[in-house]
Amino acid sequence: MWSNYSTLVLPFFCFILSANYYSNLASANTECMKTRCNHKDAPTIQYPFRLQNIQPQNCGKTGFDLSCNENHQTILKFPTSINFIVNKIDYKSQNIHVTDPNGCLPKLLSKLNLSSTPFHFIDKSNSNSNSNYTLFNCSSMNTALQSYYPSIKCLSSDEYRVYALDSTLQIKDVPLTYCTKLYDMSFVPEEVVLSHGDDLVLGWDTSCGNQSETKHECNKNVKKSKGAGRKMEILVPILSCLGILLLVTALYHVRYTTQKDKENEARIEKFLEDYRALKPTRYSYSDIKRITNNFKNELGQGAYGTVYKGKLSSDVYVAVKLLKTSTGNGPEFINEVGTMSQIHHVNVVHLVGFCADGHKRALVYEYLPNGSLQKYISTTDFKNHFLSWEKLQEIALGIAKGIEYLHQGCDQRILHFDIKPHNILLDNNFTPKISDFGLAKLCSKDQSAVSMTAARGTIGYIAPEVFSRNFGNVSYKSDVYSFGMLLLEMVGGRQNVDVVDKGSGLGYFPEWIYNLLEQGDDLSEHIEVEKYAKIAKKLAIAGLWCIQWHPVDRPSMQVVVHMLEGDGGKLSMPPNPFASADPAIMNVSLIGRHFHRE
């Protein structure tokens, strides 16, 4: 009877569903038609843009919302509360021409951050003249600059003038008497800053993002995508009806299989039990002693405590870090538990649980049998713990992805501040996992600087700006610097804080490797196999980009991941980071090393 009833009802139901779907589809297509603000010269608004509060969300892509002001001008608003007037949209070339409503583009550029938007600067002169500039407010008493540099009129007055100077200029070469530094602008068009153009061109790319894909292949794939979209419009109601039919058949079958229902319930209960185990568990101190067999198997000691091997069950091992009494009640413990509870990534160590029993503090982590990366790249242990260059490359990429996740993958950005080989642990397959978050700090993703009362981290891996704010603000770029030093240490095969071999003539290793690559010398002279030399060169160039002395010159971890995923053939040499380095900080910072990975 049930089967006959479903045979009569299902076709009728599918007909109603299809009619409703095509009706909604036609309505949506009407709502997403081309439009514009009520102005004869206003640009046409179409996909990927949409007119906010007028067209539905599905008419455009995220970040491409436009609006109309009271003068019927088209407005593009950025997350930092910056509004531009849109003069023109070229959908074929995929660029948009905007101006400042107040007629002072350089002022808006100081607050404009395109990294969180789908847009990028377009060089109208095709001279690749996007550069970094520093703005100075100079008294009218300074007449020397007027002869060489034009001032920015909209920011200047009779009493003072504002100049935009190339950030690569040496301070000693520019007459900056009676001048005060205002702010830096990174990678902005020269014609807007120096020529004071009133038209800014931004580009976007919603489809052709694969660098290995040619323009012809990209357009071909876009056409295929559009064709597939039309097919889906037809297939959706058919597939929906088929899905309903399968669902009814499944329900009919389940009705007469009560035994399997019970088995499914048992599986669900087991899944929920396992899921609860994934969250950090609070242990008592007696639990910790039982897990570690009364602290019988010591794995190592650190600045904040001793690590012991423990066992939760017959086949589940853990590493228990028993914190020292002097530090167990401090912010390190709160930092580590609070931070690690939010992290779930293959390249970040998993926090199983913690102990806060009276004055006793402990952290329980997954056990990683291969220990830290330090013993595989240090000179003393190198012969007994050799890693191939291919494996080193995989480890470097895994660490980079882990740091990128900390910076971009969580609700709040997590700054580690202690990236070093000791804090990179390796599992059975030598998959790297970042550990020890005692010094970590949380901040919002749009926060450009982090307040810090004292330097934190390990000598040899601490970024220059952590020592001295003259190099810039402390930010996520500080982790990028530490990762760069770790990369160079992996290439050099020696500890970062060893004493330099005076007789080697190599001196400061990062500077030596930079000079070697800058002169065009082949690393194969130091590494016998050519393909291994290519890996070493790619890791070295990526590391040198990361250790630029000024944070603004360092890439983000997302860019570093792209560098390490490529073959390295197209990587360009970075600027020399040692030409303007502070010798005092360099002496504290790092020491040289040799190649030990032939």
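Definitions and cut-offs
Residues numbered from 1 in each chain as written. Predicted model: local features only at pLDDT ≥ 70, side-chain atom pairs only at ≥ 80, totals over all residues. Heavy atoms only, no water. Core = buried A, V, L, I, M, F, W, Y, C linked by side-chain atoms within 4.5 Å. Buried < 20%, exposed > 50% of the residue type's maximum accessible area, 1.4 Å probe, protein only. Helix = DSSP H or I, 4+ residues; strand = E, 2+ residues; numbered from the N terminus. Pairing = 2+ DSSP bridges. Axes fitted to C-alpha atoms, helices over the stretch in contact; angles between N-to-C directions. Disulfide = S-S within 2.5 Å. Salt bridge = Lys/Arg side-chain N within 4 Å of Asp/Glu carboxyl O. Parallel < 35°, antiparallel > 145°, perpendicular 65-115°, else oblique. Left-handed = near helix turned anticlockwise from the far one by under 90°. Contact = heavy atoms within 4.5 Å. Nonpolar A, V, L, I, M, F, W, Y, C, P; charged D, E, K, R; others polar.

J.: Before we move on, can you summarise the nonpolar core with the specific residues and values?
T.: Nonpolar side chains tend toward joint burial in soluble globular proteins. In terms of nonpolar packing, the biggest core is built from 79 residues, with Leu373, Phe437, Phe483, Met490, Ile513 and Leu564 touching the most fellow members. Considering each element in turn, this core owes the most residues, 10 residues, to helix H10 (residues 389–409). Core analysis: the second largest hydrophobic core is formed by 36 residues, Phe64, Leu112, Val193 and Leu202 among them.

J.: Let's hear about the sheet that holds strand S7 (residues 131–139): which residues, and what values?
T.: Reading across the sheet, the three strands line up as S8-S7-S9 and stay open at both edges, with antiparallel pairing between neighbours. The sheet is open, and its two edges are formed by strand S8 (160–166) and strand S9 (179–188), each paired on a single side. The average angle at which neighbouring strand axes cross in this sheet is 20°, direction not considered. Here seven bridges tie S7 to S9, and the two strands are oriented antiparallel to one another. Bridge pairing in S9 links Tyr133 to Met185.

J.: Residues and numbers for the state of the cysteines, please.
T.: Per the stated rule, a full pass over the model turns up four disulfides. What pairs with Cys32 in a disulfide is Cys59, and their sulfur atoms sit 1.8 Å apart. Residues Cys32 and Cys59 are joined by a disulfide whose S-S torsion is about -75°; by sign, that bridge is left-handed. Of the two residues, Cys32 is situated in the loop between helix H1 (2–31) and strand S1 (50–51) and Cys59 in the loop between S1 and strand S2 (65–68); the sequence distance between them amounts to 27 residues. Assessed through its relative accessible area of 27%, Cys32 is described here as partly exposed. Relative accessible area serves as the criterion here: at 5%, Cys59 is assigned to the buried category. The disulfide bridge from Cys138 ends at Cys179, spanning 2.0 Å between sulfur atoms. Linking Cys138 and Cys179, the disulfide has an S-S dihedral of approximately 115° and is accordingly described as right-handed. With Cys138 in strand S7 and Cys179 in strand S9, the pair connects residues that are 41 residues apart, well separated along the chain. Considered together, Cys138 and Cys179 belong to a single accessibility category, that of buried residues.

J.: Break down the pattern of salt bridges for me, citing the residues and quoting the values.
T.: Scanning the entire structure with this criterion turns up eight salt bridges. Salt-bridge contacts for Lys172 lead to Asp173; the nearest nitrogen and oxygen are separated by 3.4 Å. This pair shows no difference in class: Lys172 is exposed, exactly as Asp173 is.

J.: Kindly report on helix H13 (residues 509–518), identifying the contributing residues and their values.
T.: Within H13, seven of the 10 residues are buried, leaving the element largely enclosed by the surrounding structure. Among the residues of H13, those classed as buried are Phe509, Pro510, Trp512, Ile513, Tyr514, Leu516 and Leu517.

J.: Please set out the packing of H10 against helix H15 (residues 557–565) residue by residue, giving values where relevant.
T.: Put simply, H10 and H15 touch, their axes get as near as 9 Å, and they point 160° apart. Classified by the interaxial angle, the pair formed by H10 and H15 is roughly antiparallel. Crossing angle aside, the handedness with which H10 passes H15 is left-handed. Residue-level contacts link Gln393, Ala396, Leu397, Ala400, Lys401, Ile403, Glu404 and His407 of H10 to Met557, Gln558, Val561, Leu564 and Glu565 of H15. Considered class by class, the residues forming the contact of H10 with H15 number seven nonpolar, three polar and three charged.

J.: Could you give an account of unusual backbone geometry, with specific residues and numbers?
T.: Of note, the bond from Tyr47 into Pro48 is cis; its omega dihedral lies within 30 degrees of zero at 15°. Inspection of the secondary structure assignment puts Pro48 in the loop between H1 and S1. Located in the positive-phi region is Asn293, a residue other than glycine, with phi close to 55°. As for its placement among the helices and strands, Asn293 is situated in the loop between helix H6 (285–291) and strand S12 (298–301). In the Ramachandran plot, Phe430 falls in the positive-phi region, its phi being about 65° despite a non-glycine side chain. By the element assignment, Phe430 lies in the loop between strand S18 (424–426) and strand S19 (432–434). What makes Phe430 partly exposed here is its relative accessible area of 22%.

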